[in-house]
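Examining the three-dimensional arrangement
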Amino acid sequence: MMVSLSCFIMDWFELFFLHPVAFYQGAAFPFALLFHYLCIWDSFSTRARYLFLLAGGGVLALAAMGVYAVLVFIPVICAVLLVSLLEPQEVHKWTFFFQMSWQTLCHLGLHYTEYYLQEPPSLRFCITLSSLMLLTQRVTSLSLDICEGKVEATTGSIGSRSSLSECLCKALPYFSYLLFFPALLGGPLCSFQRFQAHVQGSSSLCGCSFWALTWRGLLVLGLECLKVALSSVVSAGTGLTDCQKLECVYVLWSTAGLFKLTYYSQWILDDWLLHAAGFGSEFDQSTGEEGYVPDADIWTLETTHRLSLFTRKWNRSTARWLRRLVFQGSSGWPLLQTFAFSAWWHGLHPGQVFGFLCWAVMVEADYLIHAFANLSISSWPMRLLYRSLTWASTQLIVAYIMLAVEGRSLSSLWSLCNSCNSVLPMVYCILLFLLVRRKRKVN
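About the cut-offs
- Residues numbered from 1 in each chain as written.
- Predicted model: local features only at pLDDT ≥ 70, side-chain atom pairs only at ≥ 80, totals over all residues.
- Heavy atoms only, no water.
- Helix = DSSP H or I, 4+ residues; strand = E, 2+ residues; numbered from the N terminus.
- Buried < 20%, exposed > 50% of the residue type's maximum accessible area, 1.4 Å probe, protein only.
- Contact = heavy atoms within 4.5 Å.
- Areas by Shrake-Rupley, 256 points an atom, 1.4 Å probe, with all protein chains shown as cover.
- Expected span 1.5 Å × (residues − 1).
- Patch = residues over 30% accessible without salt bridge, like charges linked within 9 Å, V, L, I, M, F, W, Y side chains within 5 Å.
- Salt bridge = Lys/Arg side-chain N within 4 Å of Asp/Glu carboxyl O.
- Phe/Tyr/Trp six-rings, centres within 6.5 Å; stacked < 30°, edge-to-face > 60°.
- 1 Å grid on protein atoms, 1.4 Å probe; cavity = no way out; pocket = protein on both sides within 12 Å on 5 of 7 lines; lining within 4 Å.
- Points joined across faces, edges and corners; volume = space filled by probe spheres on them.
- Nonpolar A, V, L, I, M, F, W, Y, C, P; charged D, E, K, R; others polar.
- Core = buried A, V, L, I, M, F, W, Y, C linked by side-chain atoms within 4.5 Å.
- Axes fitted to C-alpha atoms, helices over the stretch in contact; angles between N-to-C directions.
- Parallel < 35°, antiparallel > 145°, perpendicular 65-115°, else oblique.
- Left-handed = near helix turned anticlockwise from the far one by under 90°.

This next bit is on the overall build of the protein. A count of helices and strands for the protein gives 18 helices and 0 strands. Here the protein holds 443 residues, and 48% of them are scored as buried. Here the contacts in the protein between residues at least 6 apart in sequence split such that 76% fall between residues at least 24 apart. In the structure as shown, the protein presents an accessible area of about 22,000 Å², 69% of it carried by carbon and sulfur atoms.

This is the structure we're talking about:
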């Protein structure tokens with residue numbers, strides 16, 4: 001009894017005090033509030049705000065990543081140089097090529113450590129890779145904005161007769177945007193336009209902001225409580241390698257539930273930090289593509305019976321970024337290209353490649369299944385049964401994909417594919433094949 005109690009206490013201590021990203025996000029919270037309060041003062045100039053955010057990002061990177069912070073600083077400097085030197089039409093092509101090449105090399109270093117050396121990677125290196133992925137979002141978002149004329153580029157500002165101080169002043173907003181500390185380790189993608197508008201505009205803290213911060217804090221606390229309870233259940237049960245038949249479905253659902261709670265908690269924590277710094281939804285007046293989009297929409301994710309809707313609502317700012325970067329510019333097979341790029345962006349581990357390609361096939365099947373059902377099912381009892389079954393299948397398919405992606409290695413992927421959990425994705429593949437043939441015959 002005492003042993004289990006001590007393990008439970010250690011779990012709580014580990015979750016709230018030793019979780020690395022959460023710890024550093026929590027440490028940055030007072031400085032985010034300080035920045036927000038300083039913005040109220042007229043004496044806190046725009047340049048001082050940019051410098052505060054940039055310095056905070058540099059300090060946070062060094063604290064969280066150690067020497068690996070260089071892997072983030074180098075692409076930031078290169079991205080600003082490319083943005084400042086290239087013509088607007090060329091910016092996106094070259095910044096995308098450099099950023100994804102750099103990120104891929106870093107991911108290959110992780111592959112080398114995990115698969116060749118058979119050693120666990122450094123925790124600081126993993127934090128660095130996560131920050132690099134978020135940096136890729138900001139770099140490509142900025143380059144697309146410049147190409148589309150939404151942001152005015154400072155082309156030629158470096159290398160001209162301007163002094164070094166003038167060049168640095170012109171480049172300061174870019175440096176600050178790429179390294180600003182509320183979004184360095186996590187958080188929804190903030191466009192450069194929104195970032196610049198918030199830094200240059202005046203902001204004020206109001207009562208609703210305090211309650212919003214309190215609500216987010218309580219929500220994180222509640223999710224962590226659920227996570228502790230579910231983790232004890234998962235750790236006490238069998239794994240996918242030892243489960244038998246339908247027991248594997250329970251193992252799949254409970255393990256994926258633990259992953260989802262971790263994501264929800266981290267997304268709300270990231271949103272909490274951005275909100276504290278004044279970049280949250282209550283201070284956002286923009287609409288459409290540049291509007292603020294928090295990543296977590298827990299109610300929709302847990303209640304929808306459509307896998308396609310789940311996909312659009314899962315990590316919403318990243319889904320919107322992928323749509324803009326890949327999907328909208330694809331000439332053929334846009335869905336497959338988007339998920340293939342997502343696997344590349346995540347690191348191209350075997351489980352990730354399988355998981356994201358499986359996700360693309362499942363979404364395509366989901367579109368056709370629901371289109372067929374809408375035409376075929378008319379009575380409300382059958383519709384209710386249909387919604388119940390498709391909700392369960394959506395949750396199980398998401399769990400299947402999540403375990404493939406999170407497992408990453410070939411051994412965990414093999415255990416997953418050999419379990420009875422593979423039956424449902426296979427059913428979706430068969431339905432996709434049959435419905436595509438039916439659609440071609442009708443056309």
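Moving on, there is more to tell.
Here E87 is to be found in the loop between α4 (70–85) and α5 (88–116). Looking at E87, the relative accessible area reads 47%, which means it is partly exposed. When the C-alpha positions of E87 and T154 are compared, they lie 9.3 Å apart, and in sequence the two are 67 residues distant.

The next thing to look at is helix α3 (residues 46–65). For α3, built from 20 residues, the straight-helix expectation of 28 Å at 1.5 Å per residue is met to within 8% by its first-to-last C-alpha distance of 28 Å. Along α3, the residues classified as buried are R49, Y50, L53, G57, G58, L60, A61, A64 and M65. Once α3 finishes, G66 follows within two positions and takes phi at roughly 65°, a positive value.

Together, V423, V427, I430, L431, F433 and L434 line one region of the surface with nonpolar side chains, adding up to about 520 Å² of accessible area. Residue placement: L431 occurs in helix α18 (residues 423–442).

Each aromatic ring pair is described using two quantities: the centre-to-centre distance and the angle formed by the ring planes. Inspection of the entire model under this criterion finds 34 aromatic pairs. Judged by centre distance (6.2 Å) and plane angle (5°), the ring pair of F35 and F279 falls under stacked. A residue pair is termed long-range when its members are at least 10 positions apart, and F35 in helix α2 (residues 20–38) and F279 in the loop between α10 (247–276) and α11 (298–303) qualify at 244 residues. F279 gets classed as buried once you look at its relative accessible area, which sits at 2%. Members of the aromatic cluster, joined through ring pairs, are F35, F44, Y50, F52, Y174, Y177, F180, F181, F192, F195 and F279.

Counted according to the given criterion, the structure contains 8 salt bridges. Between K260 and E302 there is a salt bridge, and its shortest N-O distance comes to 3.1 Å. Here K260, found in helix α10, pairs with E302, found in helix α11; they are 42 residues apart in sequence, far enough to count as distant. By relative accessible area, K260 is classed as buried at 9%. Here the residues in one salt-bridge network are D145, E148, K150 and R324, joined through shared partners.

Turning to empty space enclosed by the protein, a few remarks are in order. One pass over the structure, following the stated rule, counts 2 cavities of 30 Å³ or more. The calculated volume of the largest cavity comes to roughly 50 Å³. As for the largest cavity, its lining consists of L134, Q137, R138, F180, A183, G186, G187, P188, L189 and C190. Of the residues in the lining of the largest cavity, the class split is 6 nonpolar, 3 polar and 1 charged.

With that settled, the discussion passes to the layout of surface pockets. Within this model, the second largest pocket holds a volume of roughly 350 Å³. Counting only elements with at least two residues in the lining of the second largest pocket, the list comes to α14 (334–346), α15 (350–376) and α18. Looking at side-chain class alone, the lining of the second largest pocket contains 9 nonpolar, 1 polar and 3 charged residues.

Relative to the helices and strands, C420 is located in the loop between α17 (410–417) and α18. Along the chain, C420 and C248 lie 172 residues apart, while their C-alpha atoms are 6.8 Å from each other. Ignoring anything within four residues of it in the chain, the contact list for C420 reads K245, L246, C248 and V249.

In globular proteins that are soluble, nonpolar side chains generally tend to be buried together. Core analysis: the biggest nonpolar cluster contains 117 residues, and M65, F180, L185, F195 and F279 have the highest contact counts within it. The dominant element in this core, judged by the number of residues it contributes, is α10, at 14 residues. Residues contacting F279, with those up to four places away along its chain left out, are F35, L53, F180, R194, F195, H198, V199, L274 and Y292.

Right, let's get into the packing of α3 against helix α7 (residues 164–179). Between α3 and α7, whose axes approach to 8 Å, the crossing angle comes to 45°. Accordingly, the angle class assigned to the pair α3 and α7 is oblique. Crossing angle aside, the handedness with which α3 passes α7 is left-handed. Contacts from R47, Y50, L51, L53, L54 and G57 of α3 reach α7 at C169, L172, P173, F175, S176 and L179. Considering only residue class, the contact of α3 with α7 consists of 9 nonpolar, 2 polar and 1 charged.

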